There are 6 protein chains.
Amino acid sequence: MDIKSKNENRADLNKLMAENDDFFATFGAMDDAVYEDGVIPKKYKELTGLSISILSSCEECILYHLQGCISEGANKAELIEAIKMGVIGGGSIRFPSARYAFKMMQDLGVL
Amino acid sequence: MDIKSKNENRADLNKLMAENDDFFATFGAMDDAVYEDGVIPKKYKELTGLSISILSSCEECILYHLQGCISEGANKAELIEAIKMGVIGGGSIRFPSARYAFKMMQDLGVL
Amino acid sequence: MDIKSKNENRADLNKLMAENDDFFATFGAMDDAVYEDGVIPKKYKELTGLSISILSSCEECILYHLQGCISEGANKAELIEAIKMGVIGGGSIRFPSARYAFKMMQDLGVL
Amino acid sequence: MDIKSKNENRADLNKLMAENDDFFATFGAMDDAVYEDGVIPKKYKELTGLSISILSSCEECILYHLQGCISEGANKAELIEAIKMGVIGGGSIRFPSARYAFKMMQDLGVL
Amino acid sequence: MDIKSKNENRADLNKLMAENDDFFATFGAMDDAVYEDGVIPKKYKELTGLSISILSSCEECILYHLQGCISEGANKAELIEAIKMGVIGGGSIRFPSARYAFKMMQDLGVL
Amino acid sequence: MDIKSKNENRADLNKLMAENDDFFATFGAMDDAVYEDGVIPKKYKELTGLSISILSSCEECILYHLQGCISEGANKAELIEAIKMGVIGGGSIRFPSARYAFKMMQDLGVL
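The helix and strand tally for chain A stands at 6 helices and 0 strands. Order of helices (α) and strands (β) in chain A, N terminus to C terminus: α-α-α-α-α-α. Along the first, second and third principal axes, the C-alpha set of chain A runs to 40 × 35 × 25 Å. Residue pairs in contact within chain A that sit at least 24 positions apart in sequence constitute 61% of those at least 6 positions apart.

In this section: the interface of chain A and chain B. On the chain B side, the residues contacting the 14 residues of chain A number 10 residues. Those elements that place two or more of their residues in the side of chain A that touches chain B are helix H1 (3–20), helix H2 (22–34) and helix H4 (59–71) of chain A. Its residues assigned to classes, the side of chain A that touches chain B comprises 7 nonpolar, 3 polar and 4 charged.

In a regular helix each residue adds 1.5 Å, so 13 residues correspond to 18 Å; helix H6 (residues 95–107) of chain E covers 18 Å between its end C-alpha atoms and thus fits that length. Turning to H6(E), its buried residues are Phe95(E), Pro96(E), Ser97(E), Ala98(E), Arg99(E), Tyr100(E), Ala101(E), Phe102(E) and Met105(E). Summarising the contacts, the buried residues of H6(E) are in contact with helix H1 (3–20) and helix H4 (59–71) of chain D together with helix H3 (42–55), helix H4 (59–71) and helix H5 (76–90) of chain E. Just beyond H6(E), the residue with positive phi is Gly109(E), at close to 80°.

Let's shift gears to the interface of chain A and chain D. Facing 21 residues of chain A, the contacting portion of chain D comprises 21 residues. Breaking the side of chain A that touches chain D down by element, the ones donating at least two residues are H2, helix H3 (42–55) and helix H5 (76–90) of chain A. Of the residues assigned to the side of chain A that touches chain D, the class counts are 12 nonpolar, 4 polar and 5 charged.

Looking now at the domain arrangement of chain A. Along its sequence, chain A is carved into domain 1 (1–34) and domain 2 (37–111). A C-alpha centroid distance of 19 Å is found between domain 1 of chain A and domain 2 of chain A.

Let us now look at the environment of Asp22(B). Here Asp22(B) shows up in helix H2 (residues 22–34). Taking the C-alpha atoms as reference, Asp22(B) lies 36 Å from Asn75(B); in sequence the two are 53 residues apart.

Before going further, it helps to spend a moment on the packing of H3(A) against H4(A). Residues and elements named next belong to chain A. H4 packs onto H3 with a crossing angle of 160° between their chain directions and a minimal axis gap of 8 Å. By the angle between their axes, H3 is roughly antiparallel relative to H4. Read as a crossing pair, H3 and H4 show a hand that is left-handed. Every residue of H4 that contacts H3 at Glu 46, Leu 47, Gly 49, Leu 50, Ser 53 and Ile 54 is listed here: Cys 61, Ile 62, His 65, Leu 66, Gly 68 and Cys 69. Split by residue class, the contact of H3 with H4 holds 7 nonpolar, 4 polar and 1 charged.

A separate point is the environment of Ser53(C). All names here are of chain C. Tracing the backbone through its elements, the reader meets Ser 53 in helix H3 (residues 42–55). Expressed as a C-alpha distance, the spacing of Ser 53 and Leu 66, which sit 13 residues apart in the sequence, is 9.6 Å. Among residues more than four places away in sequence, those in contact with Ser 53 are Cys 58, Cys 61, Ile 62 and His 65.

If you rotate chain A by 180° and push it 0.0 Å along the axis, it lands on chain D with an RMSD of 0.0 Å. Overall, the copies show the geometry of a two-fold rotation axis. In terms of C-alpha distance to the rotation axis, chain A has Thr48(A) as its closest residue, with the C-alpha 2.6 Å off the axis.

Here we come to the relation of the copies chain A and chain B. When chain A is fitted to chain B, the best match, at an RMSD of 0.0 Å, comes from turning it 120° and sliding it 0.0 Å along the axis. Within this description, the copies of the chain are treated as partners about a three-fold rotation axis. Within chain A, Ser57(A) has its C-alpha nearest the rotation axis, a separation of 5.6 Å.

The subject of this paragraph is the confidence of the model for chain A. For chain A, per-residue confidence averages 98 on the pLDDT scale, and 100% of positions sit at 70 or higher. Two summary scores accompany this predicted model of the complex, namely pTM at 0.98 and ipTM at 0.97.

All names here are of chain D. Contact pair helix H3 (residues 42–55) / helix H5 (residues 76–90): the axes reach a minimum separation of 8 Å and the direction vectors enclose 35°. With respect to the hand of their crossing, H3 and H5 are arranged in right-handed fashion. Of H5, the residues touching H3 (which contributes Leu 47, Leu 50, Ser 51, Ile 54 and Leu 55) are Glu 78, Leu 79, Ala 82, Ile 83, Met 85, Gly 86, Val 87, Gly 89 and Gly 90.

Glancing now at unusual backbone geometry. The phi angle at Ser57(A) is positive, at roughly 55°, despite the residue not being glycine. Locating Ser57(A) in the fold gives a position in the loop between H3 and H4.

As a further point, take the environment of Glu36(A). All names here are of chain A. Along the chain, Glu 36 turns up in the loop between H2 and H3. By the C-beta count within 10 Å, which is 10 here, Glu 36 ends up exposed. Separated by 51 residues in the primary sequence, Glu 36 and Val 87 have C-alpha atoms spaced 25 Å apart.

What follows deals with the arrangement of the chains. For chain B and chain E, which are not in contact, the least C-alpha distance works out to 8 Å. Left apart from each other, chain D and chain F have a closest C-alpha approach of 8 Å.

Conventions used here
Residues numbered from 1 in each chain as written. Chains lettered and ligands numbered in written order. Predicted model: local features only at pLDDT ≥ 70, side-chain atom pairs only at ≥ 80, totals over all residues. Helix = DSSP H or I, 4+ residues; strand = E, 2+ residues; numbered from the N terminus. Contact = placed C-beta atoms within 7 Å. Nonpolar A, V, L, I, M, F, W, Y, C, P; charged D, E, K, R; others polar. Expected span 1.5 Å × (residues − 1). Buried ≥ 20, exposed ≤ 12 C-beta atoms within 10 Å, placed from the backbone. Domains from an automatic or database assignment. Axes fitted to C-alpha atoms, helices over the stretch in contact; angles between N-to-C directions. Parallel < 35°, antiparallel > 145°, perpendicular 65-115°, else oblique. Left-handed = near helix turned anticlockwise from the far one by under 90°. Least-squares fit on C-alpha atoms with pLDDT ≥ 70 in both. pLDDT = per-residue confidence, 0-100.

Now the structure itself:
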């Protein structure tokens, strides 16, 4: 599946969940609010989100936050530093997630 | 892969494991026994299994327990409450698993 | 620290967090709402919370949900079945959490 | 144990490990290097470290990165935003870690 | 609590669990059986148990398998190699567990 | 994707990462060094790597260490014992990983 399809798929399923129970929309909005521009700028929050996603071995989260980082103007070097924080924190069992992040960076045209 | 193929695949590999070492059959039987009807009814155990599967980001476990819930007569609203317990407990890194559960609920015809 | 002190400590720190940022009160309320009586009765949700707590190796969560289970009228046999679901799901690395749960059951007078 | 003793204890054991095998000093130095000032400023890396520590339910890591954040001039509001990213990402099973972080913020005099 | 008390405490609680439900004795026996001398010698299994315990941030497991390793004749250098496998696999969030392992090695007189 | 393609894919992405930042090559080399023949023979380290991979639900890691085990002369019975240590330690949520390991053992011709 290409990135556009993955994004549509995520949006469709988020909509399906929200239609079935308010909880998912509320939780999603709360997550969005936490990642909003605050005393920590949104760009650095998205980069943190990327580190967390690597540490959690969560591929959908990696792609989501990679795109969030790029939207906030993060460059290749910043993305790589965020990935490194995930790997040093979570160890070699996170290498597959780091590889996935680099693959997605290629597909997103930032590498 | 459709759900029928996934189920066959799981059964085939469980059989392969059991043929190679009794441990896997014994462990599987122990897992089945824990989920049997007890002082906690089997339906609520299967719903707990679904919550645990969301919290563990385990897609095969989600599909397995979704089917177990449905076999025990759990309805859509109960399934959703179990998914919510997994998400509130395990946070937004479990959203991909919740989306997977909703997708499978669609494929299983309960949504 | 005895259970009463642990409970007070938890309440005090929850209050401290809520005073500093609404997020923590909101998140806490959302967690409470998910565990409210629904199509799944509150007692079974609390038992699920206990299973999740074992699987997450979270001692404070174990004590919290043990007390929630008991408030909802769960008996010793139901508590043990919930603990077993956490152990079979999460393996022998959860035995320390199961031991902690049994110790707390003693201290709470249900064993 | 107070914070000063915890810090000494960590330093002593790190020294003991390094004396026994270079690996631990090398790994520690690599971790330090990843957290150095880079294209992402050190302050935001330390805040990411705090988020990761909450998400990993690692109390020693929380205290370590809290102190790193404060050394880099992070204020109370920034610390709280970092904690919130750990909680929304990792769910209510991370509330005990958030409580611990707030307790340590009190002891460190930033609350 | 010293190591002797920790061991007694673990044994007492294991007994309490087994008296309340056969499951815990059966599961414990299954765990013992997996760690028995096999085509992989028991010493290397115990060392694997130590690596797993580091990776799982499980202090009781670390102490348990450290003692198992020593009973099987593992020396300091072997213990350290097993700890390193846990740290490189699980990253810097496992450093507190490595420190705990070294502290216990001191208390057990192998360092 | 067949195993040869998976291996090439892993090698290509590791190269891409290393070209972009020395960190990944250094970390990879450190991981290799930890798994080198030492006081614990490399074969038993690779088997430990397999156990850790099962416990971490990491499919790429499973395939990587399965091949490492086989290169070191580990036979079917040893592989199975290592898988069992991962399952008993990490519970039934690791069964999908055990199934994946058996599937890969078939594809690698050791079953």
